[in-house]
Protein chains: 4
Amino acid sequence: MNFKKIEGLIAAPFTPMKGDGSLNTGLIPDYVTKLKNDRLSGVFICGTTGEGMLMTSDERKEVAEKWIAEQTENFKVIVHVGSTSSKQSYELARHAQETGAYAVGCMGPVFLSPSTVEDLVDFCAEVASGARDLPFYYYHIPSVSGVSLSMVDFLQKAAPVIPNLAGIKFTHTNFMEMQQCLHLHYGKWDILSGFDEMLLAGLAFGAKGAVGSTFNFMAPLYEQIISDFNTGNITAARKNQYKSVKIIEILVKYHGAIVSGKTWMKSVGIDCGKCRYPLKNMTESEHESFIKEMEAAGFFDM
Amino acid sequence: MNFKKIEGLIAAPFTPMKGDGSLNTGLIPDYVTKLKNDRLSGVFICGTTGEGMLMTSDERKEVAEKWIAEQTENFKVIVHVGSTSSKQSYELARHAQETGAYAVGCMGPVFLSPSTVEDLVDFCAEVASGARDLPFYYYHIPSVSGVSLSMVDFLQKAAPVIPNLAGIKFTHTNFMEMQQCLHLHYGKWDILSGFDEMLLAGLAFGAKGAVGSTFNFMAPLYEQIISDFNTGNITAARKNQYKSVKIIEILVKYHGAIVSGKTWMKSVGIDCGKCRYPLKNMTESEHESFIKEMEAAGFFDM
Amino acid sequence: MNFKKIEGLIAAPFTPMKGDGSLNTGLIPDYVTKLKNDRLSGVFICGTTGEGMLMTSDERKEVAEKWIAEQTENFKVIVHVGSTSSKQSYELARHAQETGAYAVGCMGPVFLSPSTVEDLVDFCAEVASGARDLPFYYYHIPSVSGVSLSMVDFLQKAAPVIPNLAGIKFTHTNFMEMQQCLHLHYGKWDILSGFDEMLLAGLAFGAKGAVGSTFNFMAPLYEQIISDFNTGNITAARKNQYKSVKIIEILVKYHGAIVSGKTWMKSVGIDCGKCRYPLKNMTESEHESFIKEMEAAGFFDM
Amino acid sequence: MNFKKIEGLIAAPFTPMKGDGSLNTGLIPDYVTKLKNDRLSGVFICGTTGEGMLMTSDERKEVAEKWIAEQTENFKVIVHVGSTSSKQSYELARHAQETGAYAVGCMGPVFLSPSTVEDLVDFCAEVASGARDLPFYYYHIPSVSGVSLSMVDFLQKAAPVIPNLAGIKFTHTNFMEMQQCLHLHYGKWDILSGFDEMLLAGLAFGAKGAVGSTFNFMAPLYEQIISDFNTGNITAARKNQYKSVKIIEILVKYHGAIVSGKTWMKSVGIDCGKCRYPLKNMTESEHESFIKEMEAAGFFDM
């Protein structure tokens, strides 16, 4: 199958929860309004940032339905269906297709992780067959999944077996491999840049789309980076990229970008609540100093 | 709470499946008959060997019910409820308690794994609270879970927070730490030896119970090791331990002990079928030479 | 101290040896002539590519003397003095200064590697004090040294303790950290890009100098990348960067870039001989097909 | 060649230094007197504990000469010659043989570590050929060397290539592999147990000799463990093994067993001075509380 490549910014949204950790999906329409106002191209839901694997299967379906209800041609919903069970992921993929998602994505299995590309392809093929008509994106994020196999080999071996393979959400710093994936098979594959803080490298090597968690609250900064890059103003793009680095430094310091990013959403008007275990939420005093540091930096306002 | 410690051998059973990968729980009563004949003290189900996390939540419940139906005072059923979601694991623990399991066990979360003992305790506390009246065993297996935190710290920090904490299924080669756990709090904790091929070390350091996958088909060999160890015949125990090493060498060679062990079960009269992705089953020719090697070794017959 | 930053390409040369693995330093003048013709800014000798730690201390001094003899204002010699012994490295640093080197570099210790930045600083401070008047470059290459500590912290903590600290040879894919280092202390530090195959990312983030092993035989390709980048022709730069990726793919395939790069040097007129243990040289048939693949690719001719 | 296996305890001595980090080899005769009084079978010098690779080549030779001068038939000196350079290690091995050492040992190379057993054998073969008439021990310590290859394969592939191969100093917790090595080739190889805190496991699996750093100051405790083990008194052996664990807990807490063990030597009458970088010595206040904790534990007095 041939799919159109995704262009622009895809947010990896936080999953709105209440104080007690239960879902708060009623917030999703407002969340989407904000993202559409920020001109996002869509969302990649229930992934790492979305605490996908911290939810039950039923919860993941409920969340997917709410996001998909807001989908438009210019605001695509990609549903991450990865789990430790290919059967569960197959069911989530089928549900995504039945509910009308634009595409599905799947991380390599984090339990009994495959040690060969062939085994990874087998796992993904079963999952992808649950949503045969939708583009399938492999979610390459070795630092989280522990699955660290060659993506060039993966594309080559998956191509004949997964007819709906569209590309890779590439969240890895091996930019040699990103170049190889971008050039493979005459540039056929859609390789989405996955590290917000290195977006400029992704652009330099030819990526057209990107998925990220800080796009939830500072998309305009990244749109400016893309626009400056496209008009040859590298100096300006570099300067704004460093602004994103400064924000991400703060996020990392406060229990990492999922916890701190989710916490920050309240400041931009979308109260997404707290994170689930095994993530650790901030204490009150951490929260206070976090908000102060973020407000002092303030680059997301641009 | 104070729980009696487990003594003797606990099998980590394979989950019976059909050729197409669907469950075959009808086989469980026969499986139990064999294990009881081999004088096993019980089973630790739906763990690593049991492909627990490769099943959906509903499947895990079905499997648990079938094993628990065969439980007796001398044949205990411990239900592994670990998953990437503390909420799902809580529900599985509650189901285990309602269904009458002897105990529950839980691996550290394999996704967004905690980096501090406190965070691990928080995760486990939520899970354990689903089965408040049952002994709770933490399943320490860093090579599989990627959670490699101090078990001495864990016991110390979990003790006041998890009232039903009983001990640890200790599947790690750090025998200094095993000694520390065995001696902590005046020997209060039940530390189960987890590596079949090093059972003798566990015994030397004072472990009384063990959980293992090769107990499914060569329990008599290990019973002889324990008996020889207890009567001071180390030379004989060492000789039999090396026999288990020779079998495990073969298992490891043929796609690891889950795939090859499950395959071997048919040879001892319990056809457990195939493994699910991301595990890789043997090809026909691999299968043939595997059976030949196992039959040539033949130590499990003793 | 304030040192001028290095601009342009620094080769990490191979150490010329004979067939029996003994040194062949007589070749160095011709080697330098080639590099000067290719307009290199200098060399970083006795590092990873130069098999520095595979030589004895006396050999390292002999090699350093020969390179330094060819030094000019526009062709700088940086001597890597890293070893497992700070005392040995101190002596090599002192020798480098006495012999007239431009600068010294030092990798984090690969044996009993420090686990804190403070300990790394202590080690480097002793080494750097052997060459007090020369710029000192820390050589950050976690994939080889196993020393994977924060370079931002290192610069902050080393600055007051190592007066001759000049910067970092940054051979790591963490481009967030590279940006942080480039911006720290108002851009004071000289951060040299270390991965040839990702030079374009280094340029995008603001690096002005680069150290690499493929600069030994395809410097013109990289000079073109820099020139196209500087004139805003990213598309051309990207195309040439991908050419370097294609060559490096071949190098990696044939026992890695040290062995294959050294082998290739003969084809460009500088017969550098073989590598020492624990590196593994090519067999004759590997050599044949390697040369064929390289000639077919041929991008280094541009 | 056939060598007699080593029986009993081999200390891995600290290298005596002065306050300024220079060698203090004049202390070695007194050191030996203490070890002989403690009925040690010999020493394994210049290894991890002996800071071998933190010294220059000349220093290592000086240290070796002083220890070898005290050698007797019942007090063997094994010289560790491992380094990053096979050539330097070859020279150290030759020096050891010329000076009259009993045996040499060599760690896998910590820089550009081999990824195949064949490459490791090649490296070791060159080193071992420097001392053709002496037993050669491979020093397997993956946690320090980073070389984590199969020791069964190593023995099989090295046997025909290294005629003076005697066995392995096995400092690894994989006791399945230790059993395999002990049984390989009809028990031909001398496999020395390397973890003091798990000596009882080594004994259970059949090891006859052991190398350790805490043997420097509490050999009688370990001799009692061996004696109780040999007479079938496992309970007593286990109790004393746990005493060693309690001491090692303290050592680990104070900058690890090299730094704290070396510090402790002064308390038993042999002032070995301080450690070199990259090791970190204790502050004065750490030192005070360390001594207090050790004196309170006091198991080494037995």
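Per an unreviewed UniProt entry, chain A goes by N-acetylneuraminate lyase and derives from Mariniphaga sediminis. Of the comments in the UniProt record for chain A, the one headed Subcellular location (unreviewed entry) reads "Cytoplasm". According to the UniProt record, the Sequence similarities (unreviewed entry) comment for chain A is "Belongs to the DapA family."

## Here's the deal with the overall build of chain A
Along its length, chain A carries 12 helices and 8 strands. For chain A, the C-alpha radius of gyration of 18 Å lies close to 19 Å, the compact-globule estimate for 302 residues. Summarising its shape, the C-alpha atoms of chain A cover approximately 50 × 45 × 35 Å along the three principal directions. Contacts in chain A between residues at least 24 apart in sequence constitute 74% of all its contacts with a sequence separation of at least 6. As displayed, chain A offers around 10,500 Å² of accessible surface, 48% of which is attributable to carbon and sulfur atoms.

## Describing the UniProt feature "active site" (unreviewed entry) in chain A
Residue and element names in this part refer to chain A. UniProt tags Tyr139 and Lys169 as "active site" (unreviewed entry). Separation in sequence by 31 residues is not matched in space for these annotated residues, since their most distant C-alpha atoms are only 4.8 Å apart. Take Tyr139: it is sitting in strand β5 (residues 136–140). Residue classification places Tyr139 among the buried positions, given a relative accessible area of 4%. Those residues within four positions of Tyr139 in sequence are excluded, and the remaining contacts are Phe44, Thr48, His80, Cys106, Met107, Gly108, Lys169 and Thr171. A polar contact of 2.8 Å, which involves the side chain of Tyr139, links it to the side chain of Thr48. Along the chain, the position of Lys169 falls in strand β6 (residues 165–170).

## Details of the interface of chain C and chain D
The partner chain D presents 30 residues to the 30 residues of chain C that form the contact. The largest per-residue losses of area from chain C upon contact with chain D belong to Phe111, Tyr277 and Pro278 of chain C, which jointly make up 26% of the total buried on that side. Applying the counting rule to chain C against chain D returns 4 salt bridges. For the salt bridge of Glu59 of chain C with Lys87 of chain D, the shortest nitrogen-to-oxygen distance reads 2.6 Å.

## Thoughts on the packing of helix α2 (residues 57–68) of chain C against helix α3 (residues 86–99) of chain C
Residue and element names in this part refer to chain C. At a minimum axis distance of 10 Å, the contact between α2 and α3 shows a crossing angle of 25 degrees. In terms of axis orientation, α2 runs roughly parallel to α3. Relative to α3, α2 is oriented so that their crossing is right-handed. Contacts from Ser57, Arg60, Lys61, Ala64, Glu65 and Ile68 of α2 reach α3 at Gln88, Leu92, His95, Ala96 and Thr99. Of the residues belonging to the contact of α2 with α3, the class tally is 4 nonpolar, 4 polar and 3 charged.

## Topic: the UniProt feature "binding site: pyruvate" (unreviewed entry) in chain A
All names here are of chain A. The feature "binding site: pyruvate" (unreviewed entry), as given by UniProt, occupies Thr49 and Val211 in the numbering adopted here. Across 163 residues in sequence, these annotated residues keep their C-alpha atoms within 10.8 Å of one another, forming a single compact spot. Its location among the elements puts Thr49 in the loop between β2 (42–45) and α2 (57–68). Given a relative accessible area of 11%, Thr49 falls into the buried group. Discounting chain neighbours no more than four positions away, the residues touching Thr49 are Ala12, Pro13, Phe14, Ser213 and Ile258. As for its position among the elements, Val211 is in strand β8 (residues 209–212). Among the residues examined, Val211 registers a relative accessible area of 1% and is labelled buried.

## Focus on the arrangement of the chains
Where chain B comes nearest to chain C, the C-alpha atoms are still 17 Å apart, and the two do not contact one another. Across all C-alpha pairs, the smallest distance from chain A to chain D is 17 Å, and the two are not in contact.

## Quick word on the packing of aromatic side chains
Under the defined criterion, the tally for this structure stands at 30 aromatic pairs over all chains. Pairing Phe175 of chain B with Phe175 of chain D gives two aromatic rings, centres 5.7 Å apart and planes at 65 degrees, and the pair type is edge-to-face. Residue Phe175 of chain B is found in helix α7 (residues 175–187), and its partner Phe175 of chain D is found in helix α7 (residues 175–187); the two belong to separate chains. The same class applies to Phe175 of chain B and to Phe175 of chain D, which are both buried. For the ring pair Tyr254 of chain B and Phe290 of chain B, a centre distance of 5.2 Å and an interplane angle of 55 degrees mean the geometry is tilted. Of this pair, Tyr254 of chain B sits in the loop between α10 (234–253) and α11 (256–265) while Phe290 of chain B is found in helix α12 (residues 284–297), placing the two residues 36 residues apart along the sequence. This pair shows no difference in class: Tyr254 of chain B is buried, exactly as Phe290 of chain B is. Taking NZ or CZ as reference, Lys169 of chain C lies 5.5 Å from the ring centre of Phe44 of chain C, over its face.

## Brief notes about the relation of the copies chain B and chain A
The two copies are related by a screw motion: chain B maps onto chain A through a turn of 180 degrees and a shift of 0.0 Å along the axis, at an RMSD of 0.0 Å. Between the two chains, the operation in question is that of a two-fold axis. When C-alpha positions in chain B are compared against the rotation axis, the closest is assigned to Val110 of chain B, at 3.2 Å.

## Some thoughts on the pairing of strand β6 (residues 165–170) of chain D
All names here are of chain D. For β6, the buried fraction is high: 6 of the 6 residues fall into the buried class. Inspection of the sheet shows strand β5 (residues 136–140) paired to β6 by 5 bridges, in the parallel sense. Counted as the bridge partner of His140 is Phe170 from β6. Pairing analysis gives 4 bridges linking β6 to strand β7 (residues 190–193), with the strands arranged parallel. Paired with Gly167 across the two strands is Asp190, which belongs to β7. In terms of handedness, the path from β6 via α7 over to β7 forms a crossover that is right-handed.

## Considerations on the pattern of salt bridges
It is possible for side chains bearing opposite charge to pair when their charged atoms get close. This structure, assessed with the given rule, holds 36 salt bridges over all chains. Across the pair Asp119 of chain B and Lys280 of chain A runs a salt bridge, and its minimum N-O distance is 2.4 Å. Highlighted residues: Asp119 of chain B in helix α4 (residues 117–128) and Lys280 of chain A in the loop between α11 (256–265) and α12 (284–297), drawn from two different chains. With a shortest N-O distance of 2.5 Å, Lys262 of chain B and Glu51 of chain B are connected by a salt bridge. Of the two residues, Lys262 of chain B sits in helix α11 while Glu51 of chain B sits in the loop between β2 (42–45) and α2 (57–68), which places them 211 residues apart along the sequence.

## A short note on the interface of chain B and chain A
Each partner contributes residues to the interface: chain B has 30 residues there, and chain A has 30 residues. Here chain B packs against chain A, burying approximately 2,700 Å² in sum over the two surfaces, 63% of which is carbon and sulfur. For the interface between chain B and chain A, the tally reads 4 salt bridges. The interface formed by chain B and chain A includes 8 residue pairs in polar contact (both at pLDDT 80 or more). Secondary structure elements with two or more residues in the side of chain B that touches chain A: α3 (86–99) and α4 of chain B. The biggest single contributor to the side of chain B that touches chain A is α4 of chain B, with 5 residues.

## Here's the deal with helix α3 (residues 86–99) of chain D
Side chains that are three or four residues apart share a direction in an α-helix, a result of its 3.6 residues per turn. Residues and elements named next belong to chain D. Between its first and last C-alpha, α3 extends 20 Å over 14 residues, near the 20 Å set by a 1.5 Å rise per residue. All of the buried residues along α3 are Ser86, Gln88, Ser89, Leu92, Ala93, His95 and Ala96. Tucked into the core, α3 has its buried residues touching α2 (57–68), β3 (76–80), β4 (103–107) and α4 (117–128). Following α3 by one or two positions, Gly100 has its phi on the positive side, about 100 degrees.

## What about the side chain of Ser86 of chain D?
All names here are of chain D. Examined against the element boundaries, Ser86 turns out to sit in helix α3. Here Ser86 falls in the buried class, since its relative accessible area comes to 3%. A distance of 3.0 Å separates polar atoms of two side chains, one belonging to Ser86 and the other to Glu126.

## Notes on the pairing of strand β1 (residues 8–11) of chain B
Residues and elements named next belong to chain B. For β1 and strand β8 (residues 209–212), the ladder comprises 4 bridges, and the chain directions are parallel. Residue pairing for β8: Ile10 is matched across the bridge by Val211. The β-α-β motif built from β1, the intervening helix α1 (residues 28–37) and the parallel element β2 has right-handed crossover chirality.

Definitions and limits used
- Residues numbered from 1 in each chain as written.
- Chains lettered and ligands numbered in written order.
- Predicted model: local features only at pLDDT ≥ 70, side-chain atom pairs only at ≥ 80, totals over all residues.
- Heavy atoms only, no water.
- UniProt positions renumbered as here; feature names shortened; annotations may be inferred.
- Helix = DSSP H or I, 4+ residues; strand = E, 2+ residues; numbered from the N terminus.
- Rg over C-alpha atoms; globule rule 2.2 N^0.38 Å.
- Contact = heavy atoms within 4.5 Å.
- Areas by Shrake-Rupley, 256 points an atom, 1.4 Å probe, with all protein chains shown as cover.
- Buried < 20%, exposed > 50% of the residue type's maximum accessible area, 1.4 Å probe, protein only.
- Polar contact = N/O pair within 3.5 Å; in protein donor to acceptor, adjacent residues only side chain to side chain.
- Buried area = accessible area lost by both parts, 1.4 Å probe.
- Salt bridge = Lys/Arg side-chain N within 4 Å of Asp/Glu carboxyl O.
- Axes fitted to C-alpha atoms, helices over the stretch in contact; angles between N-to-C directions.
- Parallel < 35°, antiparallel > 145°, perpendicular 65-115°, else oblique.
- Left-handed = near helix turned anticlockwise from the far one by under 90°.
- Nonpolar A, V, L, I, M, F, W, Y, C, P; charged D, E, K, R; others polar.
- Phe/Tyr/Trp six-rings, centres within 6.5 Å; stacked < 30°, edge-to-face > 60°.
- Lys NZ or Arg CZ within 6 Å of the ring centre and 35° of its normal.
- Least-squares fit on C-alpha atoms with pLDDT ≥ 70 in both.
- Pairing = 2+ DSSP bridges.
- Right-handed = clockwise from strand over helix to strand, strands pointing away.
- Expected span 1.5 Å × (residues − 1).

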